[in-house]
Amino acid sequence: MKNPEVSKVTNLSRRKFIVGSAAVAGGGLALGIPLAFDGAGAAAAAAKNATGTGTEVNAWVVIRPDNICVVRIARSEMGQGTETGLAQLVAEELDCGWAHVKTEFPTPGQSLARKRVWGEMGTGGSRGIRTSEDYVRRGAAAARLMLLQAAADQWKVPVAEVSVSDGVITHSASKRTTTYGKVAAAAAKISPPDPKSITLKNPKEWKIAGKPIKRLDTPGKLNGSLVYAIDVKQPGMLCAAIKDCPVFGGKLTSYDEAKIAGRPGVRRVVKVNDSTVAVVADTWWHAKTALDALPIVWDEGPNAAQSSVTIAERLKEGLTATSAYAFRNEGDAPKAIEGAAKKVEAVYSTPFLAHSTMEPMNCTAKVTADRAEVWVPTQNGEAALAALSEETGLPLEKCEVYKHVLGGGFGRRGGAQDYVRQAASIAKQMPGVPIKLIWSREEDTTHDFFRPISQCRGVAGLDADGNLVALHVRVSGQSINAFQNSPQAKDGKDDRQMQGYTDKPGDAQLGYTVPNLLIEYAMRNTHVPVGPWRGVNTNQNAVYMECFIDEVARAAGADPVEFRRKLMVNHPKHLAVLNAAAEKAEWGKPLPPGVHRGVAQFMGYGSYSAAVAEVSVSNEGKVKVHRMVLALNCGHAVNPGQIAAQVEGSVAFGLTATLYGECPVENGRMTSKNFDAYEILRLGEMPKIETVIVPTYDFWGGVGEPTICVVAPSVLNAIAAATGKPVRSLPLKNVKLLNA
Amino acid sequence: MAKLNINGKVHDVQAEDDTPLLWVIREQVGLTGTKYGCGVAQCGACSVHINGEIRRSCSIPLSAVKAGDRIVTIEGLSATGAHPVQKAWAELDVPQCGYCQSGQIMAAAALLKKNPRPSDTDIDEAMTNICRCGTYQRIRAAMHLAAETAGKSKA
């Protein structure tokens, strides 16, 4: 234990201190290292990468003399509320009082320099909280123990005699008090406890976590002051507009730069890569209009022959092909179907979908001979760092990424970081000049990594009493892992495409027990780039399973909720959530004339979801969704207010896909380019949403994605109840509905 | 050179006549609270007030703006961020990613100025901006709250 009198440590040269303490870094917690957020470049970073005169107690907690506790947030904030939720977990274990909490986002370069002390930065798969809650809570608890020890040392009393509340430390026997701000410097020098030895608080005793506390990031979103990456300004900055070959896999042949030479503000035309050209100008509007006027010759290649029709044919072939990957094979489903009293069969399809983040893809890059920096909205800061390094050829330690709050992510801004590569390529060709690349909405909608397309064939066998004795489901469609060249997609197998159908508990388990069950996957890839998309795979797979189960229930003459309950006795958590939704929605109680209910339940991203939709279909076939009840068991509920917000948002996301979402392919390219063709749900179409959170406090599940997947099937099942006819393909705008 | 009155201040701007007002505001004047979302007046992220009317600035050429026109952007909606709409948005934690919210707030403020107690149908018809995060339910509730609080403060 060191002499605690060095409270002046905050005034020492932090840079020097870091060098002296570098050896301590590594492992789960790097302690006693005030971090130099005032280093070169950092001052110009996102507003949240703030500088401050605080003492770093450990990697997660910096304490300022005024008792402000700065909580480090490694994950990206894109609207899902993870910044606030993680801060709540830290504040809970730290006992610092919520009013004292501020946050900042360490940069990927800083993390790398400290042997990835902040762990995983990638933010996707609804993992932001559930896969970091343990180490951030342990980090916060370790900081609390060190702060208490520092006070005890100062008073020369046993640490067991001191306590803390709202950042005020008390020794009640001697009636002495001090604050976190006063002992932080001494605490930073104390040997940290072994994180594994720490007992975390029982979540049932939480006072800050578990509460519907307001988001920390709201004020800047109300007055235009929050600086998104698209708003970044740099001295001497130029702007770039970009065009990729409209046909995926095509190439850039040539362009006629002379034709736009005299246009206002234009500085350069840049070949970005084999298929992409950019115009650089003084403003983005000048760059964009010049690019529109630039004659470009493309080599569209063989993919120009592809279309929605050719793709659908390929998928359809997969539904009945002799060979497919048997993901689950229990009993003998084909034989049991053969001998069943009643056979039900249906074929479903779901289209490609774009993400359409409201903030289009963008990235500002500055590259010199020995340094590369980007200011970027990214769900994966470390992937952005790697992309920057690869594109510029500079080693990782000479690269830095300033993560801005994202204007939407939804899986688009995860691993690929294509827009970072593009901006870096342009900036590398114009050394020292900051280049702000902004995609037009048209570029954004047509050059996405789309939600993969698929079809599904379901066949079921019922016995004479209407019991489901056999279920055969085959999905034919594109694999994200195959597109990404992941080794997880091999020999036509890709378990990831089967999300929601597994028998393994934990992440995306099927909630039904069927004696004879065959679930297959026929991988049928296309030339269209695909990727994660908020709730991907569970969204499509829930439509297939939950609409088909409803059809089977109808064939059995059973109530859809009762029919499911019988299949769910071995899956009590799934069943409890179904029951919670059914109860809140008053399933079975009469509705106003013309209004019908539909139900769905599914598991994905670590959580259990169920929905009941109340829908009417007009005589003209127009659908109106009046009310939706969604139930969610996400294990622990860190911020119920934000969970409700995510559930509400997931309904808008899911309904957009149900009603409108579709990216058709013609001549190898996407034909929907902007919101007039790729329609998004608007306020007037939003149903009344009631969220029922039923946490069981025995696991950590995701929140941002899980409930989307039950939206479409519950609405489609309600439509079937209204019209008497099942809907088997999305979106609804292409389906002619007639009221029964 | 054109003169624009934005948030009560006159700016001399250098831009071609066909430059959309959005890009003049963002790139010439330097106010970035007004957002680009689609460029074709579909999403409303670029919404501003011109002489009190809600307008989508991405589709208004500079030549269509007169020197006497009063343009208000999100930065000028209130000096202290205390407009009833902003307060209600904070109270109900409306924003998620926040990118569309400048436009949503401007649209809400314009409606409430004309129609201090809008019905749900009035809100449905006036609030056509896109929010991809799906904050619509809270936008509606916050508009009713703003109408209530504004009504009370006047009473």
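What counts, and where the lines are drawn
- Residues numbered from 1 in each chain as written.
- Chains lettered and ligands numbered in written order.
- Predicted model: local features only at pLDDT ≥ 70, side-chain atom pairs only at ≥ 80, totals over all residues.
- Helix = DSSP H or I, 4+ residues; strand = E, 2+ residues; numbered from the N terminus.
- Rg over C-alpha atoms; globule rule 2.2 N^0.38 Å.
- Buried ≥ 20, exposed ≤ 12 C-beta atoms within 10 Å, placed from the backbone.
- Contact = placed C-beta atoms within 7 Å.
- Nonpolar A, V, L, I, M, F, W, Y, C, P; charged D, E, K, R; others polar.
- Domains from an automatic or database assignment.
- Pairing = 2+ DSSP bridges.
- Axes fitted to C-alpha atoms, helices over the stretch in contact; angles between N-to-C directions.
- Core = buried A, V, L, I, M, F, W, Y, C linked by C-beta atoms within 7 Å.
- Parallel < 35°, antiparallel > 145°, perpendicular 65-115°, else oblique.
- Arc of directions from axis to C-beta.
- pLDDT = per-residue confidence, 0-100.
- Left-handed = near helix turned anticlockwise from the far one by under 90°.

### A word on the overall build of chain A
Along chain A, the regular secondary structure elements total 17 helices and 27 strands. Taken over the C-alpha trace, chain A has a radius of gyration of 28 Å; the compact-globule value for 740 residues is 27 Å, and the two agree within 12%. Taking the principal axes of its C-alpha atoms as reference, chain A extends roughly 85 × 75 × 45 Å. Counting every position in chain A, which comprises 740 residues, the buried fraction comes to 59%. Once local pairs closer than 6 in sequence are excluded, the contacts in chain A between residues at least 24 apart make up 77%.

### Digging into the interface of chain B and chain A
Contact residues are listed per partner, giving 44 residues for chain B and 42 residues for chain A. Broken down by element, the residue count for the side of chain B that touches chain A peaks at 4 residues, all from helix H5 (residues 136–154) of chain B. Class assignment of the residues belonging to the side of chain B that touches chain A gives a composition of 19 nonpolar, 17 polar and 8 charged.

### Observations concerning the domain arrangement of chain A
Residues and elements named next belong to chain A. Parsing chain A into structural domains produces domain 1 (7–215), domain 2 (230–300 + 361–438) and domain 3 (321–353 + 450–734). Between domain 1 and domain 3, the C-alpha centre-to-centre distance is 41 Å. If you look at the interface, domain 1 gives 20 residues, while domain 3 gives 20 residues. Taken together, the residues of the side of domain 1 that touches domain 3 sort by class into 6 nonpolar, 9 polar and 5 charged.

### Regarding the environment of Gln-234 of chain A
Residue and element names in this part refer to chain A. With respect to the element layout, Gln-234 can be found in the loop between helix H5 (180–187) and strand E8 (238–244). With 200 residues separating them along the chain, Gln-234 and Pro-434 place their C-alpha atoms 6.6 Å apart. Apart from the residues within four sequence positions on either side, Gln-234 is in contact with Thr-364, Lys-366 and Pro-434.

### Overview of the domain arrangement of chain B
Residue and element names in this part refer to chain B. Structurally, chain B comprises domain 1 (2–76) and domain 2 (84–154). Computed over C-alpha atoms only, the centres of domain 1 and domain 2 are separated by 21 Å. Counting residues at the interface gives 15 residues for domain 1 and 12 residues for domain 2. Those elements giving two or more residues to the side of domain 1 that touches domain 2 turn out to be strand E3 (47–50) and strand E4 (53–56).

### Considering the pairing of E8 of chain A
All names here are of chain A. Judged by how many residues are buried, E8 sits mostly within the fold: 7 of 7 residues are covered. Along E8, one buried face is formed by Leu-238, Ala-240, Ile-242 and Asp-244 and the opposite face, lined by Cys-239, Ala-241 and Lys-243, is buried too. Bridging between E8 and strand E18 (residues 435–438) involves 3 bridges; their strand directions are parallel. Looking at E18, one finds that Cys-239 is bridged to Lys-436. Sheet topology places E8 next to strand E11 (residues 276–281); 6 bridges connect them, and they run antiparallel. Its bridge partner lying in E11, Ile-242 is registered against Ala-278.

### Some words on the sheet that holds strand E7 (residues 176–179) of chain A
Residue and element names in this part refer to chain A. Taken in spatial order, the 3 strands line up as E5-E6-E7 in an open sheet, and their pairing is antiparallel. The two strands at the open ends of the sheet, each matched to only one other strand, are strand E5 (162–165) and E7. Ignoring strand direction, the axes of neighbouring strands in this sheet form an average angle of 25°. Taken together, the 4 bridges between E5 and strand E6 (residues 168–171) define a ladder with antiparallel strand orientation. The residue bridging Ser-165 from the neighbouring strand is Val-168, located in E6. On the sheet, helix H4 (residues 133–155) packs against E5, E6 and E7 and is oriented at approximately 130° with respect to E5. The strands touched by H5 are E6 and E7; relative to E7, the strand with the most contacts, the crossing angle is about 75°.

### Here we look at unusual backbone geometry
Trans peptide bonds make up the majority, and among non-glycine residues the majority have a negative phi. Residue and element names in this part refer to chain A. With an omega dihedral of 0°, the bond running from Leu-730 to Pro-731 counts as a cis peptide bond. By secondary structure assignment, the location of Pro-731 is in the segment after helix H17 (708–723). Residue Asp-95 is not a glycine yet carries a positive backbone phi of 60°. Turning to its location among the elements, Asp-95 is positioned in the loop between helix H2 (82–94) and strand E4 (101–104). The phi dihedral of Arg-116 falls on the positive side, at around 55°, and the residue is not glycine. Following the sequence through the fold, Arg-116 ends up in the loop between helix H3 (108–113) and H4.

### As for helix H6 (residues 284–293) of chain A
Taken across its 10 residues, H6 of chain A has 8 buried, putting it largely inside the fold. Taken together, the buried positions of H6 of chain A are occupied by Trp-284, Trp-285, His-286, Ala-287, Lys-288, Thr-289, Ala-290 and Leu-291 of chain A. The secondary structure elements touched by the buried residues of H6 of chain A are E8, strand E10 (266–273), E11 and E18 of chain A together with helix H1 (21–29) of chain B.

### A few points about the nonpolar core
All names here are of chain A. Ranked by size, the top nonpolar core spans 285 residues in total, and within it Leu-147, Val-279 and Ala-581 carry the most contacts. With 12 residues, the single largest contributor to this core is H17. Discounting chain neighbours no more than four positions away, the residues touching Ala-581 are Ala-610, Ala-611, Val-612, Val-629, Leu-630, Ala-631 and Val-692.

### What about the packing of H4 of chain A against H5 of chain A?
All names here are of chain A. With their axes 8 Å apart at the nearest point, H4 and H5 run at an angle of 95° to one another. By the angle between their directions, the pair H4 and H5 is classed as roughly perpendicular. For the pair formed by H4 and H5, the contact residues are Met-146, Leu-147, Gln-149, Ala-150, Ala-151, Asp-153 and Gln-154 on the first element and Tyr-180, Val-183, Ala-184, Ala-186 and Ala-187 on the second. For the contact of H4 with H5, the class distribution of residues is 9 nonpolar, 2 polar and 1 charged.

### With respect to helix H14 (residues 560–567) of chain A
Residue and element names in this part refer to chain A. Regarding H14, the residues found buried are Pro-560, Val-561, Phe-563, Arg-564 and Leu-567. Projected down its long axis, H14 carries its buried residues within an arc of 160°, all on one side. In this fold, the buried residues of H14 make contact with strand E20 (468–477), helix H13 (538–555), helix H15 (572–584), strand E22 (595–604) and H17.

### Observations concerning the confidence of the model for chain A
Residues and elements named next belong to chain A. When pLDDT is averaged across chain A, the result is 93; 93% of the residues are at 70 or more. Mean pLDDT per element in chain A: helix H1 (residues 14–21) is the minimum at 26, and E18 is the maximum at 99. Overall, residues 1–51 carries pLDDT values under 50, and its contacts beyond four positions in sequence, including any with other chains, amount to 82 contacts.

### What to know about the packing of helix H16 (residues 640–659) of chain A against H17 of chain A
Residue and element names in this part refer to chain A. Taken N-terminus to C-terminus, the directions of H16 and H17 make an angle of 50°; their axes are 8 Å apart at the nearest point. Classed by the angle they form, the pair H16 and H17 counts as oblique. The handedness of the crossing between H16 and H17 comes out as right-handed. Contacts between H16 and H17 involve Ser-650, Val-651, Phe-653, Gly-654, Leu-655, Ala-657 and Thr-658 from the former and Ile-708, Val-711, Ala-712 and Val-715 from the latter.

### Focus: the pairing of strand E21 (residues 516–523) of chain A
Residue and element names in this part refer to chain A. In terms of burial, E21 is largely enclosed, as 8 of its 8 residues are buried. Of the two faces of E21, the one holding Asn-516, Leu-518, Glu-520 and Ala-522 and the one holding Leu-517, Ile-519, Tyr-521 and Met-523 are both buried throughout. Strand direction decides the pairing type here: E20 and E21, joined by 8 bridges, are parallel. Its bridge partner lying in E21, Ala-470 is registered against Asn-516.

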